[in-house]
Amino acid sequence: MEIPEQYARYYLENAPSLVWLLVVNSAAILVGIRFYVESMPEVPTFLWPLYADSPTALALVAASLVTLLPNLGNRLSEAPQNLPLAYLHTFAFVWLVKFGIWTFVALNLGFSAYFGPPWEPTAVWDYWGIIVTHIAFVAEAYLIPNYGRTTRGALVAALAVALASDVLDYGFGFHPPLRYEPGLLLPLATVALSFMSVFAASRTFERLERA
């Protein structure tokens, strides 16, 4: 499954729409960092990219989209293809899918902590706003296979780093800030999402042709 080609071409082959996507993703990175910034000093600096999950996913897709700028005016099928780009596109896809769905799962496992008594005015944003924006991660991920390729090595690397992130989150307690204790179910769901997102990438991307 991927976003139909005609829609992907509309957004990714035209300068105004592509720049608009880049601006939206850049703004969303800043919003996401704001969520993590208070707790980031407690995490070793070199682990921040694995700790700040959603901003990292957005940074990866922004970098992936930037690679299309030299291709403006051409079809997506003519976008540059090489091994480093295959890794970038694969990681961007996996991170968007994983953490888009993870947010939905995490907020629903702790539903009452985000949308329940005492029904604070912020409850609508704290639940629906976050859910909708993160589900949009998944939609954006499925733009990438229209111009990106993957390799077996990229898929294996993405899975390895995703699982390392899970160990960091729940083995060392560096999971994203939550309003409840994650218990056992959320870590299990997170590991399952690591495998699921890489499997989705393997099914969706075409393989990079070696010269």
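What counts, and at which threshold
- Residues numbered from 1 in each chain as written.
- Predicted model: local features only at pLDDT ≥ 70, side-chain atom pairs only at ≥ 80, totals over all residues.
- Heavy atoms only, no water.
- Helix = DSSP H or I, 4+ residues; strand = E, 2+ residues; numbered from the N terminus.
- Rg over C-alpha atoms; globule rule 2.2 N^0.38 Å.
- Buried < 20%, exposed > 50% of the residue type's maximum accessible area, 1.4 Å probe, protein only.
- Areas by Shrake-Rupley, 256 points an atom, 1.4 Å probe, with all protein chains shown as cover.
- Lys, Arg positive; Asp, Glu negative; His and termini not counted.
- Charge placed at Lys NZ, Arg CZ, Asp CG, Glu CD.
- Phe/Tyr/Trp six-rings, centres within 6.5 Å; stacked < 30°, edge-to-face > 60°.
- Contact = heavy atoms within 4.5 Å.
- Core = buried A, V, L, I, M, F, W, Y, C linked by side-chain atoms within 4.5 Å.
- Patch = residues over 30% accessible without salt bridge, like charges linked within 9 Å, V, L, I, M, F, W, Y side chains within 5 Å.
- Salt bridge = Lys/Arg side-chain N within 4 Å of Asp/Glu carboxyl O.

K.L.:
Summarise the overall build of the chain; cite the residues concerned and give the values.
P.N.:
The helix and strand inventory of the chain stands at 9 helices and 2 strands. N-terminal to C-terminal, the α/β element order of the chain is α-α-α-α-α-α-α-β-α-α-β. Expected size for 211 residues packed as a compact globule is a radius of gyration near 17 Å; at 17 Å, the chain falls within 12% of this value. Projected onto the principal axes, the alpha-carbon positions of the chain cover approximately 55 × 35 × 30 Å. Burial analysis of the chain (211 residues in total) assigns 48% to the buried set. Within the structure as shown, the chain displays about 10900 Å² of accessible surface, and the carbon and sulfur contribution to it stands at 68%. Averaging the locations of the 10 positively and 15 negatively charged side chains of the chain gives two centres separated by 10 Å.

K.L.:
Describe the packing of aromatic side chains, with residues and values.
P.N.:
Inspection of every chain in the model, using the stated rule, returns 9 aromatic pairs. Their ring planes at 75° and their centres at 5.0 Å tell us that Phe93 and Tyr142 sit as a pair that is edge-to-face. Here Phe93, found in helix H5 (residues 83–109), pairs with Tyr142, found in the loop between helix H7 (123–141) and strand E1 (149–150); they are 49 residues apart in sequence, far enough to count as distant. For the pair formed by Phe93 and Tyr142, the shared burial category is buried. Between Phe93 and Phe205 the ring centres are 5.3 Å apart and the planes differ by 75°, which places this aromatic pair in the edge-to-face class.

K.L.:
Before we move on, could you go through the environment of Ala162 and cite the residues and values that matter?
P.N.:
Assignment of secondary structure puts Ala162 in helix H8 (residues 152–171). For the pair formed by Ala162 and Ser202, sequence separation is 40 residues and the distance between their alpha carbons is 15 Å. When residues no more than four places from it in sequence are discounted, the contact partners of Ala162 are Trp95, Lys98 and Ser194.

K.L.:
Got a sec to walk through the nonpolar core? Specific residues and values, please.
P.N.:
Residues Leu12, Leu65 and Phe93 are the most contacted members of the largest nonpolar core, which totals 52 residues. Every element with two or more residues in this core is listed here: helix H1 (5–12), helix H2 (15–36), helix H4 (53–66), H5, H7, H8 and helix H9 (185–204). Considering each element in turn, this core owes the most residues, 13 residues, to H5. Beyond its immediate stretch of four places on either side in the chain, Leu65 contacts Leu12, Leu18, Leu21, Leu22, Asn25, Glu140 and Tyr147.

K.L.:
Lay out the side chain of Arg149 in plain terms, naming residues and giving numbers.
P.N.:
Tracing the backbone shows Arg149 in strand E1. For Arg149, a relative accessible area of 17% puts it in the buried group. Among all residues touching Arg149, those that are not within four sequence positions of it are Gln81, Ala86, His89, Thr90, Phe205, Glu206, Arg207 and Leu208.

K.L.:
How would you sum up the environment of Leu65? Please name residues and give values.
P.N.:
Residue position: Leu65 is located in helix H4. Sequence-wise, Leu65 and Ala106 are 41 residues apart; in three dimensions their C-alpha atoms are separated by 28 Å.

K.L.:
Account for the side chain of Ser39, naming residues and giving values.
P.N.:
Considering the arrangement of structural elements, one finds Ser39 in the loop between H2 and helix H3 (48–51). Look past the residues within four positions of Ser39 in its chain and what remains in contact with it is Tyr51 and Pro177.

K.L.:
How would you explain a nonpolar patch on the surface if you had to name every residue and give the values?
P.N.:
The grouping of Tyr7, Tyr10, Tyr11, Trp20 and Val24 at the surface amounts to a nonpolar patch, some 560 Å² of accessible area in total. Listed by contribution, the elements that provide at least two residues to the nonpolar patch are H1 and H2. Sorting elements by how many residues they give to the nonpolar patch places H1 first, with 3 residues. With respect to the helices, strands and loops of the structure, Trp20 is situated in helix H2.

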